[in-house]
Structure formats: structure tokens, C-alpha cells
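Examining the three-dimensional arrangement
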Amino acid sequence: MASNATIVSKQNKNSRVLTYVLIASLVIMGVTVYWNWYAPEQDYWPQLVGDWITIIPAVAAAIAGTLLLRQFERGEKPRAIWFWLAMGWWAWVVGEICSMSYDLFKLPYGDISVYDFFWVVGYLCFGLSLFHQYRNIYSSKRKLGFIYFLIMVAIVLVTTLILTQWAIAAGLGADISWFALYLAVFYPVCDLAIGATALWLAFLFGRGAWGRPWWGLIVFAVADGINIFLWIGGDKLLPEKVANFLDPLSASIYNGGYVVAMLGFLFILFLTFWASVSASGETVEPTQ
Amino acid sequence: MAPFFRQSIDQQRFNGSRSTLDSHRAQFRQNQISGVFEIQSMPQEVEVLVFGGGEETGAYRLWPSSHLKITPSEIGIGWDRQEVAIRSVALPDQASRALWQALEYQTFSKKEIAGVDQFKVFLKSCFSEGMTGMVSIASELCDGFIFLHGGLPAPGESIFCSPEGFTKSLQEAEGFLNSTGQLTIYKADPATQAYQCTLLRMSMAGWGKRILTNYKDMVGQKLLHIMNANLNAILLHRQSNIHLADIEIIDNHFFHECRMAAQAYQTLFTDMAQLIGRVIGGMVTRRIMSTTFHQLAMSEQEVLATNTLSPSAFLR
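What comes next is a walk through the structure.

Reading the values: the criteria
- Residues numbered from 1 in each chain as written.
- Chains lettered and ligands numbered in written order.
- Predicted model: local features only at pLDDT ≥ 70, side-chain atom pairs only at ≥ 80, totals over all residues.
- Heavy atoms only, no water.
- Helix = DSSP H or I, 4+ residues; strand = E, 2+ residues; numbered from the N terminus.
- Contact = heavy atoms within 4.5 Å.
- Areas by Shrake-Rupley, 256 points an atom, 1.4 Å probe, with all protein chains shown as cover.
- 1 Å grid on protein atoms, 1.4 Å probe; cavity = no way out; pocket = protein on both sides within 12 Å on 5 of 7 lines; lining within 4 Å.
- Points joined across faces, edges and corners; volume = space filled by probe spheres on them.
- Nonpolar A, V, L, I, M, F, W, Y, C, P; charged D, E, K, R; others polar.
- Core = buried A, V, L, I, M, F, W, Y, C linked by side-chain atoms within 4.5 Å.
- Buried < 20%, exposed > 50% of the residue type's maximum accessible area, 1.4 Å probe, protein only.
- Expected span 1.5 Å × (residues − 1).
- Phe/Tyr/Trp six-rings, centres within 6.5 Å; stacked < 30°, edge-to-face > 60°.
- Lys NZ or Arg CZ within 6 Å of the ring centre and 35° of its normal.
- Pairing = 2+ DSSP bridges.

Take the overall build of chain A next. Tallying secondary structure elements over chain A gives eight helices and zero strands in all. Each helix (α) and strand (β) of chain A, taken in turn from the N terminus, gives the series α-α-α-α-α-α-α-α. Contacts spanning at least 24 positions in sequence make up 72% of the contacts within chain A whose residues lie at least 6 apart. As presented, chain A carries roughly 14,700 Å² of accessible surface, and 69% of it is formed by carbon and sulfur atoms.

So this is what it looks like as C-alpha cells:
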């Protein structure tokens, strides 16, 4: 049985770790913001530094997600939620590393690249994670079968198809293949679908710690939303200064998505760490 | 003499006058003890005074085949001697509560049984009759009470005392029920606080179990465990004999009025909702409370709602 002193020391350690993590997050975000605005205008190494600035928080988010996953035993319902969410982040980590490798080895970016595979896998994993979370909330009323997930996937694919045809009709993507354009439209559609679903979860969970890992997906949706706006020609509607501001802003928010996801995982993780030291009835007060 | 919980180790037998009895009663009150005084006031009459957490919750006159509720101040009136045989037993809250509950009802019948097998046959007959009430069992090595609700033993509402101590498990007690014993059947009286408190307790425990099951499904064992630890610490601080064990709310507190029980349960559910809300947020918490409430039987919902224990009480 853990003594009160052990619990207090564990809580102190947890809050120390959380402080270090918060400081590290601020440093990462500071470097990100600085680099996105003030990186030297050269082709090779500034690009690589930018890649690493993205990979570090991505790995941190995936590790935090995996640590949280390990707090749940096989067969426990929340395990599926965190399994797929952690897998999603790992898929994106591999995608980021692939992207960095293209820059490192100066490989030409084709219409479709290897990392596209990992982005798509990541989106699928996030979708599955969200599906399990919704099923966990609403299953007491009715059993949400896997068929609902397939229907959602079908809706996303058909919406992407419609928008791709609309983009072609609007003269967008004339220099890339049909499939590359389909994929380019697929990402924002997924961002919108996943971001909106995550936003709904964030509202549902309110101030509860359980909703925080989803904030990362919302931040990504915002970053990609700005990107898409610029991509579809929004930059032409704005003064040049504003358009020039939005581009690095979007890149910084993108990295912020990883940081927010990592912090969200850690909030729940610390709650479960305290549980493991409270053996039988000791006072263990989670603070928010 | 000594009709209840004869195997209890925490008992005293003495001959005493009314003033001796009064000083012992004062000790029970001061130390907030639950238990019972059995006073052999006349050869065929025993006066019984039940204590719950230091309060005199009920007084009764017992005769071989019936009993009568009296006021605690009537104890000692009509003794046939200056000094009488007195037995005082300090009991766990739930044992004292079960005894009080039984004596608040009227004796329905008495029955001899030859062992566990006959006892089981008796329980089967209660099931087929759908009996609701208290059954007192007194055998050589074990005695106790079972509350039957619609013919079935209500979970957590049985208590037995054997040489090994108190247990709530009939299976554990069965080993001591092999000798001849006597059953006293008390039919539940819906008008009594004892019955209403029991229904409220069972409904509260049923609702709580559903809430905790939902919460466990949503966040897993570890976060349920930390919530239990927090809530148990709060309950301990309030000197409440209620605790959480996994998905069960175990109420061993001796509430002799529904009003007091409802107040304690409302505080408990408010604290529970707050702790759950910290993890899954207020909206989902309220949703769980509301959904699980409506999954209860209508009779349980009515009991809870009558005692201001409905989800609307927590929708803040």
C-alpha cells in the first residue's frame, strides 16, 4: 500500500514533469514561430531544420499517446479509442519522416509521394478512434455498428469525388494527375470531417480531461483550413501582407496541433499515474 | 434471553437496575455505538433497545410469539424486580440496522428448520410467494437476517454472525447453519421508515452501480479506481459508513429516517458527479446520470424522485 508521503511525492513529481513539458512545449512553439517567419531563404538546410521542428512534436505526441494507451488493459473499452488515435499519430510521424527524407536526399516530389500513404492511413486511424469514442458515449442507447464507420468513409470519399470534379471544372490542378488532385481534395475533406467531429467531442467533454487529446485534431483542421483557403486562391483575395502572414501562421499552427495533442494525452496520463499509487482509499486529489 | 447475534464477541452480560442501564445507554450515546440492549424485564418478556450510531432508534417488547414497538422512555417501566438480567451488544451498523428493520415489521410466522437444505427450501418457497420482508435465522452457531424483496434476497441486505464474526455473505454463513435453527418471518410494512429506507438504499445502490458501470466503460478501471479512492476519502472524512468498491456503492450506514439518508445520498451523488465531471465533463456526466436513471424500474425511479434524488437535482 502506498503511503501518503509516496502519493504526495508522486504528485509533486507529476507536476514537476508537467511544468517541464509545458516549458519544452513553449520552447518548441517559440522556435517554430521564429523559424516559420525568419528562416533563411535557402533551399536545403533551412528546409531540413523546419522538418525536424515538425518531427520533434509529432514524435512527442505519438509517444504520449502510446503511454496513455498502455494505461488500459486489453478488453477495456477506452483502449480501442487510444489505440487508433496513437496509431494515427505514429502514421503521421512516419509521414513526416518520409517528407524529411525527400528533403534530405533531394528526391523529387511527384504528384503522389510515399508519405501520402501514411497521411491517408493516419486519417483512417483518427476516424476509427473517433468512431470508437462516439460508440463508447452512445452505446448505452444503441449499439453503433462498424457499418456506421463505413458509411462515414463512403460519404467522405463521395464528397471528395464531387469536389474533385468541381475543382477540375474550375480549372484547378491542371498540371497534376486526376488521382493527385483527388488526394489533394481528400485531405481537406478529412480535415473538415475529423475536425468537426473532434470539435463536437470537445464540446461534449467540456472541461473534462478526456476531451483534451481531441483538441490536437481541431488545431490541425484550423491549420489545414488556412492552407486550403490559400491553395484555392484565397491569397488573391487578400492584401499581400496578410497572405504572407497566413502562410507561416498555418505552418506554425500545424506544429501546434502536435503539441496540443501531446499535452492532451499527458493530462489524462497524469490522472492515471495517480491512480496507480492510490492503493486502497487514500486521498488522491486530481487537480485541473 | 439473548435472541439476537449471540455469537458476537463484543457483548456484555450483567444484572443491573434502571440506573445501571441508563449509564450503559449513555456510554453507547457518547461513543456513537450501534448495537442492542436486551433486558429480561419479566420471565416471558424481553425489552429490546436498538442503537444506531449512538442514537436510540427503536425500543420493543418481545414475547415468545409477538412483539410491540414502544418508546425508549418506556424501557424499565414494569420490571418485576429491582435488578434484571441485561445483555448489551455492540454491533456493526448494518447488523443493528437489520435488527431494527425486522422489529419495525410485524412478526408473520415462526418456523423450525433442520439445516441448510431446509433453509434453502424455505427460501424457494419465499421466492414462489414473492415475499417481501425480513427473515431472522437463529441456529446454534450462527444467527442473522436476510431481507427478501419480491422473494429474492436483496443484494447487500443480509447479515450473519458466526464464531468467525460478521459476514454479509449467505454462502460464508451456510457452513454454520447445519444445526437445527429457528426462522422468524417479519412481513415488510410499507408505512414504516425501515422499509422506506431500505427501498431508498437499494434504489440508490442500483442507480449508483449503473452510473459507475457506465463510467468504467467510458474511462477504464484505473480512472474508476482513482474516483473511488477520492470519494471514499471524502466519505471517511464525513464519518459516513458508506464506501465504493469498484462499481458497487456499499451503504452500511444506519439511517433510521429517509430524510437523513436522502441528504447523505444527495451529497454523495453530487460529489460523485463532480469527480466524474473532472474527467469526462459535466455534459457527459449528466447524460450518464439521466440515461442510467431511466434504465431503473419505475418503482425505483419513484422512490428516488420522492427523495429528491433524480437527475434533475444534479443538473447544475
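Structure shown, so let's carry the discussion forward.
Residue and element names in this part refer to chain B. With the rule as written, the count across this model stands at three cavities of 30 Å³ or more. Around the largest cavity sit Gln94, Arg97, Ala98, Gln101, Gly156, Glu157, Ser158, Ile159, Lys168 and Arg201, which together line it. In the lining of the largest cavity, the residues fall into two nonpolar, four polar and four charged.

If you look at the biggest cluster of nonpolar residues, it comprises 130 residues, and the most contacted ones within it are A:Trp82, A:Trp89 and B:Ile280. Broken down by element, the residue count for this core peaks at 16 residues, all from helix 7 (residues 258-295) of chain B. Dropping the residues within four chain positions of it, A:Trp89 is found in contact with A:Ala62, A:Phe126, A:Leu217, A:Phe220, A:Tyr258, A:Ala261 and A:Phe265. Within the second largest apolar cluster, 18 residues are counted, among which are B:Cys126, B:Val135, B:Leu148 and B:Ile185.

Before going further, it helps to examine helix 2 (residues 93-104) of chain B. Residues and elements named next belong to chain B. Look at helix 2: 16 Å from first C-alpha to last across twelve residues, which is about the 16 Å you get at 1.5 Å a residue. For helix 2, a buried count of twelve out of twelve residues is recorded, marking the element as mostly surrounded by other parts of the structure. Here helix 2 has its buried residues at Asp93, Gln94, Ala95, Ser96, Arg97, Ala98, Leu99, Trp100, Gln101, Ala102, Leu103 and Glu104.

Once that is clear, we can look at the packing of aromatic side chains. Scanning the entire structure with this criterion turns up 45 aromatic pairs over all chains. For the pair A:Trp82 and A:Phe265, a centre-to-centre distance of 6.1 Å together with 80 degrees between the ring planes defines the contact as edge-to-face. Taken together, the residues span a long stretch of sequence, with A:Trp82 in helix 3 (residues 77-104) and A:Phe265 in helix 8 (residues 240-277) at a distance of 183 residues. Just as A:Trp82 is buried, A:Phe265 falls in that class too. Ring centres of A:Tyr134 and A:Trp200 lie 5.3 Å apart, and the angle between their planes is 50 degrees; on these two criteria the pair is classed as tilted. Of the two residues, A:Tyr134 is situated in helix 4 (residues 114-138) and A:Trp200 in helix 6 (residues 178-205); the sequence distance between them amounts to 66 residues. A relative accessible area of 10% means that A:Tyr134 is categorised as buried. Geometry around A:Tyr44 places A:Lys106 over its ring, the cationic atom sitting 4.7 Å from the centre. The ring of B:Phe108 has B:Lys187 sitting right over it, with the charged end atom 4.1 Å from the ring centre.

All names here are of chain B. Across five bridges, the pairing between strand 4 (residues 55-63) and strand 5 (residues 66-70) is antiparallel. Each residue of the ladder has a partner; that of tyrosine 60, found in strand 5, is lysine 69. The turn joining strand 4 and strand 5, which pair antiparallel and follow one another in sequence, is formed by two residues.

All names here are of chain B. Position of phenylalanine 255 relative to the elements: it lies in the loop between strand 15 (248-251) and helix 7. Among the residues examined, phenylalanine 255 registers a relative accessible area of 7% and is labelled buried. Residues phenylalanine 255 and phenylalanine 127, 128 residues apart in the sequence, show an inter-C-alpha distance of 28 Å. Leaving out residues up to four positions away in the same chain, phenylalanine 255 has contacts with Trp100, Cys197, Ile242, Met260, Ala261, Ala264 and Tyr265.

These figures come from the coordinates and say nothing about function on their own.
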